[in-house]
Amino acid sequence: DAKTTQPPSMDCAEGRAANLPCNHSTISGNEYVYWYRQIHSQGPQYIIHGLKNNETNEMASLIITEDRKSSTLILPHATLRDTAVYYCIVRGPNTGNQFYFGTGTSLTVIP
Amino acid sequence: NAGVTQTPKFRILKIGQSMTLQCTQDMNHNYMYWYRQDPGMGLKLIYYSVGAGITDKGEVPNGYNVSRSTTEDFPLRLELAAPSQTSVYFCASSRQGGSNSPLHFGNGTRLTVT
C-alpha cells in the first residue's frame, strides 16, 4: 500500500480555512485517499474520501492533484472543535481491512 | 442516528478474568470490525464480520472471540485477560467491504489488565 507523509503539526486561526497537505507519491490507480480525524479520547471520525476527482461534503473538501501524488484536505471555516489529529490514509484492493493511521497532523485552531 | 456505540468506555481487569466488549450500530451496515490501538501505533484488526452469522480472523485474533448473531451487534470476548491485551479497542462498521466504503468508528473501550 502507498505510504503517506503529513506535516506533524499545523496551526490555523479560528474562522479561517485550514489546508492540510498529504503526500502519497506511490499511490496506485485503484487506491482511494481517505481522511479521518481523532479528537483526544474519541474514536477516529471519517471525514471524506476520493479516488481522482475533488470531493466536497458538509465537513470538508478534498483536492487531489492530477497526478494523484498528493492531496489537500480543506476545512473551510475552522472552529475550535476542529482541533484534532488528522490522518491521511490510502486504501486499495490490497489493503483488505487493514487500517494504518500513521502519525497524522496535529491541527490546533487558535481563537 | 447514534452510529457505532461501544460499552463500557473504561474497564480494569485482573489477569485471567474475562469480559465482553459490546458494540452495536444502527446504520444497518453489513460489515463490522474490531481493532485495537496501542500507544503511538496504528490500528490492528482483531476480527471482522461481513454479515450476521459470518466472522473471520484479522491480524491479531489470539486471545479473543467474536459472534455476530444480528446485523446490529458484534461483541468481542476476552476469555483469559493478559497484560498484553491492555489497549484501546475500537469497533467499526461499513456498509460494504472494499476500499470505496468508509469505516465508521465507535469511541472506544479503554482496557487495562493488571
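As shown above, the structure is provided for reference.
Quick caveat, the model's predicted, so the values are computed rather than measured.

From N to C terminus, chain A includes 0 helices and 9 strands. From first element to last, N terminus to C terminus, chain A shows the α and β order β-β-β-β-β-β-β-β-β. Relative to the 2.2 N^0.38 estimate, which gives 13 Å for 111 residues, the radius of gyration of chain A is 13 Å and therefore close to what a compact globule would have. For the C-alpha atoms alone, the extent of chain A along its principal axes is close to 40 × 30 × 25 Å. Long-range pairs, those at least 24 residues apart, make up 56% of the contacts in chain A between residues at least 6 apart in sequence. Summed over all atoms, the accessible surface of chain A reaches about 5700 Å², with 49% contributed by carbon and sulfur. One finds the centroid of the 8 positive side-chain charges in chain A at a distance of 3 Å from the centroid of its 9 negative side-chain charges.

Counting its regular elements, chain B contains 0 helices and 11 strands. Over its C-alpha atoms chain B spans a radius of gyration of 13 Å, differing by no more than 12% from the 13 Å that the globule rule assigns to 114 residues. Expressed along its principal axes, the backbone C-alpha trace of chain B runs to roughly 40 × 30 × 25 Å. Put simply, chain B has 114 residues, and 46% of those count as buried. Counting only contacts in chain B whose residues sit at least 6 apart along the sequence, the fraction spanning at least 24 positions is 55%. For chain B, the separation between the mean place of its 10 positive charges and that of its 7 negative charges on side chains is 7 Å.

Listed as interface residues are 20 residues of chain B and, on the opposing side, 19 residues of chain A. Both sides together, the interface formed by chain B and chain A hides about 1600 Å², and carbon and sulfur atoms give 51% of it. Where chain B packs against chain A, one counts 0 salt bridges. Seen at the junction of chain B and chain A, the total is 7 residue pairs in polar contact (both at pLDDT 80 or more). Counting only elements with at least two residues in the side of chain B that touches chain A, the list comes to β4 (31-37), β5 (43-51) and β10 (104-105) of chain B. Grouping the constituent residues of the side of chain B that touches chain A by class yields 9 nonpolar, 9 polar and 2 charged.

All names here are of chain A. Reading across from one edge, β2-β7-β6-β5 is the order of the 4 strands in this open sheet, with antiparallel pairing throughout. On the outer flanks of this sheet lie β2 (18-23) and β5 (55-56), each paired with one strand and no other. One ladder, built from 4 bridges, connects strand β6 (residues 61-64) with strand β7 (residues 70-75); its direction is antiparallel. Bridge pairing in β7 links Ile63 to Thr72.

Let's shift gears to unusual backbone geometry. Glycine aside, negative phi is the norm for most residues, and most peptide bonds take the trans geometry. That bond from Thr7 of chain B to Pro8 of chain B is cis: its omega, -5 degrees, falls within 30 degrees of zero. In this structure, Pro8 of chain B sits in the loop between β1 (4-7) and β2 (10-13). At Arg68 of chain A, a position not held by glycine, the phi torsion is positive, near 65 degrees. Mapped onto the elements of the fold, Arg68 of chain A is located in the loop between β6 and β7. At Asn28 of chain B, a position not held by glycine, the phi torsion is positive, near 60 degrees. Relative to the helices and strands, Asn28 of chain B resides in the loop between β3 (19-25) and β4. A residue is classified by how much of its surface remains accessible, and Asn28 of chain B, at 57% relative accessible area, is exposed.

Reading the values: rules and limits
- Residues numbered from 1 in each chain as written.
- Chains lettered and ligands numbered in written order.
- Predicted model: local features only at pLDDT ≥ 70, side-chain atom pairs only at ≥ 80, totals over all residues.
- Heavy atoms only, no water.
- Helix = DSSP H or I, 4+ residues; strand = E, 2+ residues; numbered from the N terminus.
- Rg over C-alpha atoms; globule rule 2.2 N^0.38 Å.
- Contact = heavy atoms within 4.5 Å.
- Areas by Shrake-Rupley, 256 points an atom, 1.4 Å probe, with all protein chains shown as cover.
- Lys, Arg positive; Asp, Glu negative; His and termini not counted.
- Charge placed at Lys NZ, Arg CZ, Asp CG, Glu CD.
- Buried < 20%, exposed > 50% of the residue type's maximum accessible area, 1.4 Å probe, protein only.
- Buried area = accessible area lost by both parts, 1.4 Å probe.
- Salt bridge = Lys/Arg side-chain N within 4 Å of Asp/Glu carboxyl O.
- Polar contact = N/O pair within 3.5 Å; in protein donor to acceptor, adjacent residues only side chain to side chain.
- Nonpolar A, V, L, I, M, F, W, Y, C, P; charged D, E, K, R; others polar.
- Pairing = 2+ DSSP bridges.

Keep in mind these values describe shape, not function.
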